[in-house]
Amino acid sequence: MLAGLRRRGSDPEPLLAAVGIDIADSASRIPIDRYAALYNLLNRELDDEGFALFAQPMRGGSFEFLCRGCIAAPTLAEALARASRFLRLVLPDLAVAVRRSHGHAELVIAETRRLADDPDDAGRIFAFEWLLRLLHGLSCWLAGRGIGLDSVIFPYRKPAHFADYALIFTADSRFAPTVPGGQGTLVAAFNANLLDLPVRRDEAALAAFLDGAPGKITTLYRRDREMVGRVRDLLRNALPATPGLDEIAARLHQSPRTVSRRLEEEGSSFRAIKDALRRDMALARLAKTKDSIAQVAADLGYADPSAFYRAFVDWTGMAPLHYRRRCNEGG
C-alpha cells in the first residue's frame, strides 16, 4: 500500500503514526480498523484511490461512482460488467473481465501495461490484490451475502507469507510467476450461479456504505467469516493439544460436514486455519521471547521439533534460528 508513496520519495512514517501503525514489528498483526484508516488517509493525502501505483491517478470519488453505477444493475453479473466498463475509464492499467462457462465463472484482472519491471514488485502485487479485494468485497455487499472464491491464480511468485492467503482469499491460492518484461493476469474462480444473484442495495443503503469508504471495504462481511474466527479461537485455546475437525465441530454443536462447508464458504479450511494460527504464534514467540525452539514447537502442538522446523521453513523460507537472529538484529 505504501509502495507508490515511497516511489515518490515521500516518508510514510507520519501517516503511519497518525493511524497508530508500527510496521517495524514484523511478527505482529495490524488491526483491520487501523489498516482501513491508513487506506483512507493515503487516498486523501494523495487524492488518488489507486495509491499512486498507476500511470494516472484514480481521483477521489472514483469508488463512490463505481458503486453508484452498480447498484441499479439487476444482477451481480451486470454489476460486474458495469464495474469493468467504469474501471476502464479510471484505471486503464488493469483490465477487468468476467468469463462464464459450464457452471464456472472467472473474474479476470489483467495488466494492459506493466506495473513494474520486477514481477514481484511490492506495489505490483498490492495492485492486483487490492483490486481483487475491492471487487470481491463490493460484490458481497451488492448481493447482501458472502461470496466464496473457489481458487485464485496470482501472477507472481509465492510469497513468504503465502499461508495467509487461505484466510484472506481462499485455501486454493496458486502462484504463476509472470515472465520478466511480460504482462500478468490474475484469475479468481467461483460458482457461476453466483452471477445470477440479484443486487439487493439501494441509494439509502449506499449512503451508509459510503461512510468510511473505500477503506471500509476491508472490514466488510466480518460476520461472514465468523466460523473462521470461532474455529481459530477454539484451536488457540486448546494448545498444546491439537483437536481434529470432529472434536471442534462437536464443541460448536455442529456436524463436521457443516463446519467444513461453512469454512469453505468463507474461503478457508480447517487445515488452513490451523497452519495460519501456528505460523502467527511461532513468529511472535521467536521474535518476542527467548523460549527455546523445542519449547515453542511443543507449545504449538508439535510432538517432533523436526516437524516444526520443516513447517517453519515452508512458512518463511528460513530456519527458526535464522529468523530469530534476524529479528534480534533488527532485520
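Before any of the text, the structure's been laid out above.
This report concerns the structure included in the present document. (Residues numbered from 1 in each chain as written. Predicted model: local features only at pLDDT ≥ 70, side-chain atom pairs only at ≥ 80, totals over all residues. Heavy atoms only, no water.)

**Let's talk about the overall build of the protein**
At step 1: If you tally the helices and strands in the protein, you get 15 helices and five strands.
At step 2: In terms of C-alpha radius of gyration, the protein reaches 21 Å, essentially the compact-globule figure of 20 Å for 331 residues.
At step 3: A total of 331 residues make up the protein; the buried ones form 47% of that total.
At step 4: Intrachain contacts of the protein at a sequence separation of at least 6 include 65% that bridge at least 24 residues.
At step 5: Surface summary for the protein: the accessible area is close to 16,000 Å², and the carbon and sulfur share equals 51%.
At step 6: Each charge class in the protein was averaged separately, 45 positive and 41 negative side chains, and the resulting centres sit 2 Å apart. (Helix = DSSP H or I, 4+ residues; strand = E, 2+ residues; numbered from the N terminus. Rg over C-alpha atoms; globule rule 2.2 N^0.38 Å. Buried < 20%, exposed > 50% of the residue type's maximum accessible area, 1.4 Å probe, protein only. Contact = heavy atoms within 4.5 Å. Areas by Shrake-Rupley, 256 points an atom, 1.4 Å probe, with all protein chains shown as cover. Lys, Arg positive; Asp, Glu negative; His and termini not counted. Charge placed at Lys NZ, Arg CZ, Asp CG, Glu CD.)

**A look at the packing of aromatic side chains**
At step 1: Counting across every chain of the model gives 16 aromatic pairs.
At step 2: Ring centres 6.2 Å apart and planes at 50 degrees place the aromatic pair Y156 and F175 in the tilted group. Within this pair, whereas Y156 is found in the loop between β3 (151–154) and α7 (165–168), its partner F175 is found in strand β4 (residues 173–175), the two being separated by 19 residues in sequence.
At step 3: In this structure Y156 comes out as buried when scored by relative accessible area, which is 0%.
At step 4: Following the ring pairs from residue to residue traces out a cluster consisting of Y39, F51, F54, F126 and W130.
At step 5: The ring of F162 carries the charged tip of K158 above its face, separated from the ring centre by 4.2 Å.
At step 6: Of note, R278 hangs over the ring of Y302, and the distance from its end group to the ring centre comes to 4.0 Å. (Phe/Tyr/Trp six-rings, centres within 6.5 Å; stacked < 30°, edge-to-face > 60°. Lys NZ or Arg CZ within 6 Å of the ring centre and 35° of its normal.)

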